[in-house]
Amino acid sequence: MLSANHKDSKGKILLKADGLERKFGGLTAVANFSFELCDGEILGLIGPNGAGKSTTFNLISGFIPPTSGKLSFLGQDISGKNATYISRMGLVRTFQHDSLLSDMSVADNIIIATTHRLKSTAARQEKMRETAKQTGLEDYLDVTAGSLPHGLQRMLSIAIALAAEPKVLCLDEPLTGLQGVEVGAALDLFEMIRSELGITILLVEHNMRAVMRICDRILVLNHGRLLAAGTPEEVSQNELVIEAYLGHKK
Ligand SMILES: Nc1ncnc2c1ncn2[C@@H]1O[C@H](COP(=O)(O)OP(=O)(O)OP(=O)(O)O)[C@@H](O)[C@H]1O
Ligand SMILES: [Mg+2]
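Described below are features of the structure shown in this document. In this text, all values refer to a predicted model and were calculated from it rather than measured experimentally.

**So, the coordination of the magnesium ion (ligand 2)**
Logical step 1: Looking at the magnesium ion (ligand 2), one finds its protein donor set to be S54 (OG) and Q96 (OE1), positioned 2.1 to 2.2 Å from the metal centre. Of this pair, S54 sits in helix α1 (residues 53–60) while Q96 sits in the loop between β6 (91–93) and α3 (106–114); the two residues are 42 residues apart in sequence, bridging distant segments of the chain.
Logical step 2: For S54, a relative accessible area of 22% gives the class partly exposed.

**Remarks on the sheet that holds strand β7 (residues 168–172)**
Logical step 1: Overall, mixed pairing links the six strands, which are arranged β6-β7-β8-β3-β9-β10 in an open sheet. On the outer flanks of this sheet lie β6 and β10 (225–230), each paired with one strand and no other. Ignoring strand direction, the axes of neighbouring strands in this sheet form an average angle of 20 degrees.
Logical step 2: In this structure, strand β3 (residues 42–46) lies alongside strand β8 (residues 200–204), joined through four bridges in parallel fashion. Note on β8: the bridge partner recorded for L43 is L202.
Logical step 3: Helix-sheet contacts for α1 involve β3, β6, β7, β8 and β9 (217–222), and the interaxial angle to β7 is about 150 degrees.
Logical step 4: Sheet strands in contact with helix α6 (residues 180–195) are β3, β7 and β8, and its direction is about 150 degrees off that of β8.

**Observations regarding the pairing of β7**
For a regular strand, side-chain orientation follows a simple rule: the groups alternate between the two sheet faces.
Logical step 1: Within β7, five of the five residues are buried, leaving the element largely enclosed by the surrounding structure.
Logical step 2: For β6 and β7, the ladder comprises three bridges, and the chain directions are parallel. Bridging across to β7, L91 finds its partner in V168.
Logical step 3: Between the parallel elements β7 and β8, the chain passes through α6 in a crossover that is right-handed.

Parameters and conventions
Residues numbered from 1 in each chain as written. Chains lettered and ligands numbered in written order. Predicted model: local features only at pLDDT ≥ 70, side-chain atom pairs only at ≥ 80, totals over all residues. Heavy atoms only, no water. Donors = N, O, S within 2.8 Å, 3.2 Å for Na, K, Ca; no water. Helix = DSSP H or I, 4+ residues; strand = E, 2+ residues; numbered from the N terminus. Buried < 20%, exposed > 50% of the residue type's maximum accessible area, 1.4 Å probe, protein only. Pairing = 2+ DSSP bridges. Axes fitted to C-alpha atoms, helices over the stretch in contact; angles between N-to-C directions. Contact = heavy atoms within 4.5 Å. Right-handed = clockwise from strand over helix to strand, strands pointing away.

The analysis is restricted to geometry; functional conclusions fall outside its scope.
What follows is the structure, encoded as structure tokens:
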């Protein structure tokens with residue numbers, strides 16, 4: 001049977017999905033999807049448009065409940081828990097389409113994300129500055145989020161997620177609309193997030209060159225089902241994956 005588990009991992013399992021399923025009326029967006037996310041890895045989740053990637057993010061982050069199946073995070077059953085509960089436990093996600101508070105400053109967008117972990121104004125300010133620096137936003141603190149160039153808006157989404165001090169960061173197409181240089185900088189940031197901040201990453205992305213470069217393992221979804229799982233090399237040579245996705249990427 002196709003397994004999406006990390007056989008060789010020494011890292012402990014942080015997130016485990018077991019038979020995850022989500023229906024929207026007659027449509028099964030995610031079907032019997034099981035996988036494990038291990039401490040310290042960058043796990044890619046790829047597949048054609050409509051494959052169920054964002055729905056998977058919505059399920060694991062508590063934005064929508066599963067129709068069936070089980071989710072556990074840090075050894076605790078989180079099936080049916082809401083988004084606030086799950087993010088406070090340390091699983092934080094970004095959105096495919098920006099969800100910034102566009103009339104507010106960069107600084108305030110980030111500070112809001114610090115508020116449930118940090119109580120003092122000084123600590124929140126310090127965290128905000130640290131996170132802005134990590135994401136290249138330190139010179140834009142007073143700029144309103146909506147007037148930032150697109151690439152920096154994507155960075156601000158990541159800054160907001162980082163400010164919540166997650167254990168697991170789920171990134172939904174973070175590279176969309178970025179220029180070549182910006183893609184390189186974003187990948188360097190993801191590497192830093194993993195190696196220096198010790199945050200585990202689940203990455204949904206259509207930029208295959210980036211996915212192949214940065215991911216330790218990749219899961220491939222097709223019509224809501226797991227089609228393949230393996231290293232970038234294994235997945236890129238898998239005939240089913242080439243037929244379903246890589247041959248027709250957008
Ligand atoms: N709230 C919803 N109500 C009804 N159908 C939905 C809902 N959310 C997602 N779907 C459907 O579920 C399927 C999976 O959608 P999803 O957004 O998870 O795909 P995706 O893999 O993220 O695609 P993309 O690469 O285009 O972002 C699609 O057919 C989509 O239309
Ligand atoms: Mg999506």
